[in-house]
Amino acid sequence: MKIWIEKDCVIVRIAYDKNHIAELKKIGQGRWEPNRQVWIFPESKYSHLLAYQARISAYERSKPSYVKPGKLKAYQGEGDTVSRMKQFMTQSGYSPKTIKAYVNHINRYLQFSEGAIEEENINNYMVDLLENKACSHTYCNQAINAIKLYIHQLGIDHDGILKIVRPKKEKKLPKVLSKEEIKRLFAATDNIKHKTALMLGYSCGMRVGEVSELKVNDIHFERNVIHIVQGKGRKDRQIPLSIKMAQQLHVYMKVYRPQIWLFENPAHDGPLSARSLQKVFVRKAADAKIRRHATFHSLRHSYATHLMESGVDIRIIQELLGHASSKTTEIYTHVSQVAMQNIVNPLDDM
């Protein structure tokens, strides 16, 4: 279920299900837009829809991850196979986050196919993800990668099975907030802990997982840098620490006095989860009246775009973001307002 605000309305995209439709009708004042395949509600229903989204997420998390006994008659060794796959991925240097994602993909596929490993089942599963679950092409391609790795661990002759139709890679422009929207977001965030986390996401271009797992010792005030340890792709990088960000961190640390993790969870036995930070962003973005659909990751996109608009070299931005290729960074040239404003429209030139 995806929710975002657009032109004083709340847009909802959700897989077709009679129970979902019944619940949305209970919320009231919604209408189905067949051309866009979405539900449209007045903005006053935003909090009710967020609450329903949270209930769906809680239900999905409570469902068993593994296939129930008796489902896998054709393949009795799937449990061991998943363990071997996890061991292989660990030895190959996959990140814990990727390993968890692959295992979840396998569990969901086995539940869908009742243990069958055939080309037709896999292609039907891809159609189900795309049409019924409204999953992105990136998500589906990751699912295919997980299934291929699983089949490899089974030792099956997969030359014929692996003729899986992959969805084309989507080319989406990043969701970028304006500087004015960023200011409103910070102004709407009273909690100093949440505000500091959001400021880090923007001022350092950090991913939400990097913010949540940042340790106190990773911040070097004397050198004005933050050390990101084993970010995406298992790469370390250093990010310059701005004067305002350093001041905000000093104020925050004086109040909360974190010991190991910069942002501790309520139990003080580990870091605050990335999911919690995502929820903070969604709530504060609504409070700041940010109409467009955005996520915590939009802070990273905004940081890169604003750097580009201020004239920072693309290779420097690439290093700051930790991109392996400059082609990944070049996407921000397509959303830079400065670059667009320099284009002379042929109509204006007449």
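Residues numbered from 1 in each chain as written. Predicted model: local features only at pLDDT ≥ 70, side-chain atom pairs only at ≥ 80, totals over all residues. Heavy atoms only, no water.

Draft legend 1. Helix 5 (residues 119-132), seen in detail. Under the 1.5 Å per step criterion, the end-to-end length of helix 5 is 19 Å for 14 residues, consistent within 8% with the ideal 20 Å. The complete set of buried residues in helix 5 reads Asn 121, Ile 122, Asn 123, Tyr 125, Met 126, Asp 128 and Leu 129. As for helix 5, its buried residues are in contact with helix 4 (96-113) and helix 6 (137-154). Count one or two residues on from helix 5 and you reach Ala 134, which has phi positive near 55°. (Helix = DSSP H or I, 4+ residues; strand = E, 2+ residues; numbered from the N terminus. Expected span 1.5 Å × (residues − 1). Buried < 20%, exposed > 50% of the residue type's maximum accessible area, 1.4 Å probe, protein only. Contact = heavy atoms within 4.5 Å.)

Draft legend 2. Highlighting the pairing of strand 1 (residues 2-6). Judged from the five bridges that link them, strand 1 and strand 2 (residues 9-13) form a sheet pairing that is antiparallel. Looking at the pairing, Ile 5 lines up with Val 10 of strand 2. (Pairing = 2+ DSSP bridges.)

Draft legend 3. Seen up close, the pattern of salt bridges. Within this structure, the stated rule accounts for eleven salt bridges. When the shortest N-O distance is used, the salt bridge between Asp 8 and Arg 291 registers 3.8 Å. Pair noted here: Asp 8 is in the loop between strand 1 and strand 2 and Arg 291 is in the loop between helix 11 (274-287) and helix 12 (297-309), with a separation of 283 residues, a long-range link. Given a relative accessible area of 30%, Arg 291 falls into the partly exposed group. The residue Glu 181 makes a salt bridge to Arg 292 at a minimum N-O spacing of 3.3 Å. Placement of Glu 181 in helix 7 (residues 179-187) and of Arg 292 in the loop between helix 11 and helix 12 is noted, with a sequence separation of 111 residues between them. Residue classification places Glu 181 among the buried residues on the basis of a relative accessible area of 8%. The class for Arg 292 is partly exposed, based on a relative accessible area of 42%. (Salt bridge = Lys/Arg side-chain N within 4 Å of Asp/Glu carboxyl O.)

Draft legend 4. Inspection of unusual backbone geometry at higher detail. Positive phi, normally seen in glycine, also occurs at Gln 29, with a value near 65°. Tracing the chain through its elements places Gln 29 in the loop between helix 1 (18-27) and strand 3 (31-33). Judged by its relative accessible area of 58%, Gln 29 falls in the exposed class. The phi torsion at His 268 lies on the positive side, around 60°, for a residue other than glycine. Along the chain, His 268 falls in the loop between helix 10 (243-256) and helix 11.

In short, geometric facts, not functional conclusions.
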